[in-house]
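# Reading the structure
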Amino acid sequence: MGDLLELLAVWMPRQRWYGTKGRDPRLTLVADWPLDAADARVLLVRDEAVQPAIVYQVPVARRAEGSVPPGSLIGAAAEGQVWTDATTDPAFTDALYALVTAGGEVGAPEDGFRGIPLGATNGRPLASRTTARVLSGEQSNTSIIYRLEGEEPGVPVICKLFRQVNPGINPDVELQSALAAGGASFVPGAIGEVRGIWMTPEGVPVSGSLAFAQEFFEGVEDAWRVALDAAAAGDDFSERAYALGASVAGMHVALAERFSTFPPSAADKSSVNSAWERRLTIALMEVPALKPYEEQIHEVYDRALDVRWPALQRIHGDLHLGQVLDTTSNGWVLLDFEGEPLRPINERLQPDVAVRDVAGMLRSFDYVSGAVADDDGEAVRAWVIAAQQAFLDGYAATTGRPRTDDDALLKAFELDKAVYEAIYETRNRPDWVGIPLAAIGRLAPLH
């Protein structure tokens, strides 16, 4: 496997899902599972170019030279053969579909992996004859869409193959499967998962999520695109935003029913505040325009620590308009429960404050004002405010907790999100930094 690891060390940094840009990988083999049905192998490789080391999942196949789809070539293998990214290979995608829909085991139970059908499709049959296509544009995973062939009825499937794998069940699998099993219409049906067992460097066996398949909604747009179009046309979005708030609240209510909740301790509050202050320290160094607001930002954070906090619970963790689909059958459908990709997995698995998701959605609505090209900035700003207020109304009506225009905790989470955005935009899109800066000015106005 030494030659293949050397090829992967050159190939992986060119992939969108590789998380350590600017460094050469230092790879060791963690697991090598032959998938005989596809004449392929599923590899786990540990990259120690960064600490803590990251374990990546890399399915590979050895195929005849000249038969590899564009962009899939990893490098030369034996004479006349090459190594290829198996996610674009029909034999592999067929085998993966079989695992997530019908189950099955690969390797020994103590060091292999198996498919686990979940079957949450509301009684509708799955597609039995399919074509597969890798979804383009993804950043951290690889998703394969399985569509129907011919006239047979069935549910289309999208299978997310996790590129970075961690011990424990991935929150995307855990939370969405629980919600789908409870009959929630605001998440896709959960079709199945693949879970593997491998060894840590200390020789301890661990289990973790490798792939997750769910219902795929054909021909739909995400809420970001729907909101942009509505704002650009000047269409009233209040009713749709109200329904979205109700869906997010329904998610929080259902998660609180299915997973443990507990009142936040002083240590929990301190941990959240430390994260706020840490992010602000970075922002003050990188975004000079924030300096005049430093005192006011601290005041908002301090006030939030003095109010009563709701119980901590499992949440989405990375909620914005791009994580929501607009479907005709189910209304708003929430996706991608992995949490913030840059947060360690152990943090993403912990109960959190539900208002974090609410703040993320409010900030996402605010970005519409910067993304819509319109000479009448006041009209777009009025559209954003109306959408935000309707979202909050829908959320409050579903949770049964009356809302207030002076929510100190929500304001602090919104402000922290805007501070993060100011850092991100300064580093990546300087022309957009005015959006979070304007929000900071509203949330923490100068005296």
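See the structure above.
Residues numbered from 1 in each chain as written. Predicted model: local features only at pLDDT ≥ 70, side-chain atom pairs only at ≥ 80, totals over all residues. Heavy atoms only, no water.

### Digging into the overall build of the chain
Basically, it comes down to this: Per the convention used, a helix needs a DSSP run of H or I reaching at least four residues, while a strand needs a run of E reaching at least two, with both numbered from the N terminus. For the radius of gyration, the atoms used are the C-alpha atoms, and the globule rule reads 2.2 Å times the number of residues raised to 0.38. Note on classification: 1.4 Å probe, protein chains only; a residue is buried when its accessible area is under 20% of the maximum for its type, exposed when over 50%, partly exposed between these limits. Two residues form a contact once any of their heavy atoms are found within 4.5 Å. Shrake-Rupley sampling with a 1.4 Å probe provides the accessible areas, and residues are treated as covered by the protein chains on show and by no other component. Lys and Arg are tallied as positive, Asp and Glu as negative. Neither His nor the chain termini are counted. Taken as the charge centre is NZ of Lys, CZ of Arg, CG of Asp or CD of Glu, depending on the residue.
If you tally the helices and strands in the chain, you get 12 helices and 16 strands. For 447 residues, the compact-globule formula gives about 22 Å, and the C-alpha radius of gyration of the chain, at 23 Å, lands near that figure. With the C-alpha coordinates of the chain rotated into their principal frame, the extents come out at 75 × 50 × 45 Å. A buried classification covers 49% of the 447 residues belonging to the chain. Contacts spanning at least 24 positions in sequence make up 65% of the contacts within the chain whose residues lie at least 6 apart. A total of about 20,200 Å² of accessible surface is found on the chain, and carbon and sulfur atoms cover 51% of it. Of the charged side chains in the chain, 39 are positive and 63 negative; the average position of the first set lies 3 Å away from that of the second.

### Some remarks on the sheet that holds strand β6 (residues 104–106)
We count it as follows: Two strands pair under a simple rule: DSSP has to find at least two bridges between them. Here an angle of 0 to 180 degrees is reported between the N-to-C directions of two axes, which are lines fitted to C-alpha atoms, with helices fitted over the stretch in contact.
One open sheet accounts for seven strands, arranged β6-β7-β12-β13-β10-β9-β8; its pairing is antiparallel. Looking at which strands have only one partner, the edges of the open sheet turn out to be β6 and β8 (130–134). The average angle at which neighbouring strand axes cross in this sheet is 20 degrees, direction not considered. When β8 meets strand β9 (residues 141–148), the two strands line up antiparallel, connected through five bridges. Within β9, the residue paired with Arg 133 across the bridge is Ile 145. Against the sheet, helix α3 (residues 171–181) touches β10 (157–162), β12 (190–199) and β13 (205–215), its axis set at about 50 degrees to β13.

### Section: the side chain of Arg 363
Mapped onto the secondary structure, Arg 363 falls in helix α9 (residues 355–371). In this structure Arg 363 touches Glu 414, Lys 417, Ala 418, Glu 421, Ile 435, Pro 436 and Ala 439, once residues within four positions along its chain are discounted.

### Topic: the pattern of salt bridges
The test is simple: The term salt bridge refers to a side-chain nitrogen of Lys or Arg lying within 4 Å of a carboxyl oxygen of Asp or Glu.
Applying the stated criterion to the full structure yields 24 salt bridges. As a salt-bridge pair, Arg 195 and Glu 193 come within 2.6 Å of each other at their nearest N and O atoms. Here Arg 195 falls in the partly exposed class, since its relative accessible area comes to 26%. In this structure, Asp 366 and Arg 363 form a salt bridge, with 2.7 Å as the shortest nitrogen-oxygen distance. Linking Asp 366 with Arg 363, this pair stays in helix α9, spanning three residues, or about one helical turn.

### A look at the environment of Leu 443
With respect to the helices, strands and loops of the structure, Leu 443 is situated in helix α12 (residues 434–443). The exposure class assigned to Leu 443 is buried, which follows from its relative accessible area of 13%. Taking C-alpha positions, Leu 443 is 8.2 Å from Val 300, a pair spaced 143 residues apart along the chain. Not counting residues within four places of it along the chain, the set of residues in contact with Leu 443 comprises Val 300, Lys 411, Glu 414 and Leu 415.

### Things to note about the sheet that holds strand β16 (residues 331–334)
Taken together, the three strands give an open sheet; going across it, the order is β14-β15-β16, and neighbouring strands pair in antiparallel fashion. With one partner strand each, in any of the chains shown, β14 (221–222) and β16 form the two edges of the open sheet. Against the sheet, helix α5 (residues 238–258) makes contact with β15 (324–327) and β16, and its axis sits at roughly 40 degrees relative to β16, the strand it touches most.

### Structural notes on empty space enclosed by the protein
Using the following cut-off: A 1.4 Å probe that fits into a set of points on a 1 Å grid over the protein atoms alone but cannot get out defines a cavity; an open set with protein on both sides within 12 Å along at least five of seven lines defines a pocket, and lining residues are those with an atom within 4 Å of a point. Grid points are joined across faces, edges and corners, and a volume is the space filled by probe spheres set on the points. Classification convention: Asp, Glu, Lys, Arg as charged; Ala, Val, Leu, Ile, Met, Phe, Trp, Tyr, Cys, Pro as nonpolar; all other residues, Gly among them, as polar.
For the structure on display, the rule yields three cavities of 30 Å³ or more. Taken as a whole, the largest cavity encloses approximately 100 Å³ of empty space. In terms of lining, the largest cavity is formed by 14 residues, of which the most central are Ile 315, Gly 317, Arg 343, Arg 348 and Gln 350. Of the residues that constitute the lining of the largest cavity, the class distribution is three nonpolar, four polar and seven charged. For the second largest cavity, the full set of lining residues is Leu 35, Val 42, Gln 57, Phe 92, Leu 96, Leu 99, Phe 113, Leu 161, Val 194, Leu 210 and Ala 211. Counting residues per element, the ones that place at least two in the lining of the second largest cavity are α2 (90–102) and β13. Broken down by element, the lining of the second largest cavity gets its largest block of residues, three residues, from α2.

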